[in-house]
Amino acid sequence: MKFSLNVDHVATLRNARGEGQPDPVTFALMAEKYGVDGIVVHLREDRRHINERDVRLLRELITTKLDLEMSVNPGIIEIACKIKPELSTLVPEHRQELTTEGGLNVIDNLDKLRAVIDKLHNADIPVSLFIEPDIEQIDAAVGIGADVIEIHTGKFANAKTEDEMFDELDRIRIAVKHAKKLGLGVNAGHGLDYNNVKDFMEIDGVDEVSIGHAVISYSLFVGLENAIKEMQTLLKIR
Ligand code: PXP
């Protein structure tokens, strides 16, 4: 299992003052030094955290890999085609939301998503689709040429009861197995933290997790190196 760190919320903190610190690019470079396998950022249409300067510098400076999350907005896709991240992850995006609220509905947006995937593939960029752990959505993702899926773990992370949590874990387990059988890369993320990741580790076959808020928050208390190392221990990376 690999662990990529989402540094969006370092930019959130920087933007709170409209000045330069804390710099998400420097933070990402330090995270690499402490052993993360990749850096994830979401370039949102409203640029509420990460901006184009961040993405440009990350592209130039990081030595692991860049996963650029984005909507299907044509302007953002253009930027991705120029930046050429190692992976582009398409996510649904609504202006009013605090964070991404669920997976893409691939089935209802086949033509639109296929066109975007083709465009990114023409720029030699592999594409991941952020979706719910749902067999039909996975089949649709394969059908339009996705290379990877990222399974939305938000419902698992926010489950109110143990039963709900284990039901969602079962859905994820079945989805991962199905996606692997179809030859897809399988990532997962949203809401994973130092408590729930232990149960999540019961799932086999996930290639990579993308975690942001929990690790960035904990790093304020214990420092980035410790926050990363503790998560790596839970993920059985070290
Ligand atoms: N994966 C996707 C597609 C996301 O949109 C987010 C949130 O930005 C994450 C993973 C990371 O979620 P969290 O910050 O809750 O760890």
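Before reading on, note that the structure itself is shown above.
Quick notes on the rules
- Residues numbered from 1 in each chain as written.
- Predicted model: local features only at pLDDT ≥ 70, side-chain atom pairs only at ≥ 80, totals over all residues.
- Heavy atoms only, no water.
- Phe/Tyr/Trp six-rings, centres within 6.5 Å; stacked < 30°, edge-to-face > 60°.
- Helix = DSSP H or I, 4+ residues; strand = E, 2+ residues; numbered from the N terminus.
- Buried < 20%, exposed > 50% of the residue type's maximum accessible area, 1.4 Å probe, protein only.
- Near = heavy atom within 4 Å.
- Polar contact = N/O pair within 3.5 Å; in protein donor to acceptor, adjacent residues only side chain to side chain.
- Areas by Shrake-Rupley, 256 points an atom, 1.4 Å probe, with all protein chains shown as cover.

A.B. asks: Looking at this structure, how should I read the packing of aromatic side chains?
C.D. replies: For any pair of aromatic rings, the description rests on two quantities: the centre-to-centre distance and the angle between the ring planes. In this structure the tally under the stated criterion is 2 aromatic pairs. Note on Phe156 and Phe200: the rings are 6.0 Å apart at their centroids and 50° apart in plane angle, and the pair reads as tilted. Of this pair, Phe156 sits in helix 7 (residues 154–157) while Phe200 sits in helix 9 (residues 197–200), and the two are 44 residues apart along the sequence. The burial state of Phe156 is the same as that of Phe200; both residues are buried. Judged by centre distance (4.6 Å) and plane angle (55°), the ring pair of Tyr194 and Tyr218 falls under tilted. With Tyr194 in the loop between strand 7 (185–189) and helix 9 and Tyr218 in helix 10 (residues 213–222), this residue pair connects regions lying 24 residues apart in the sequence.

A.B. asks: Could you clarify how one ought to interpret the site of the ligand in this entry?
C.D. replies: Taken together, 15 residues surround the ligand, and among them Thr100, Glu150, Gly191, Gly212 and His213 come closest. Take Gly212: an N or O atom from its main chain is 2.8 Å from an oxygen atom of the ligand. The separation between an oxygen atom of the ligand and a polar main-chain atom of His213 is 2.9 Å. Relative to its free-state accessible area of 400 Å², the ligand is covered by the protein chains to the extent of 94%.

Any functional reading would require information beyond the geometric quantities listed.
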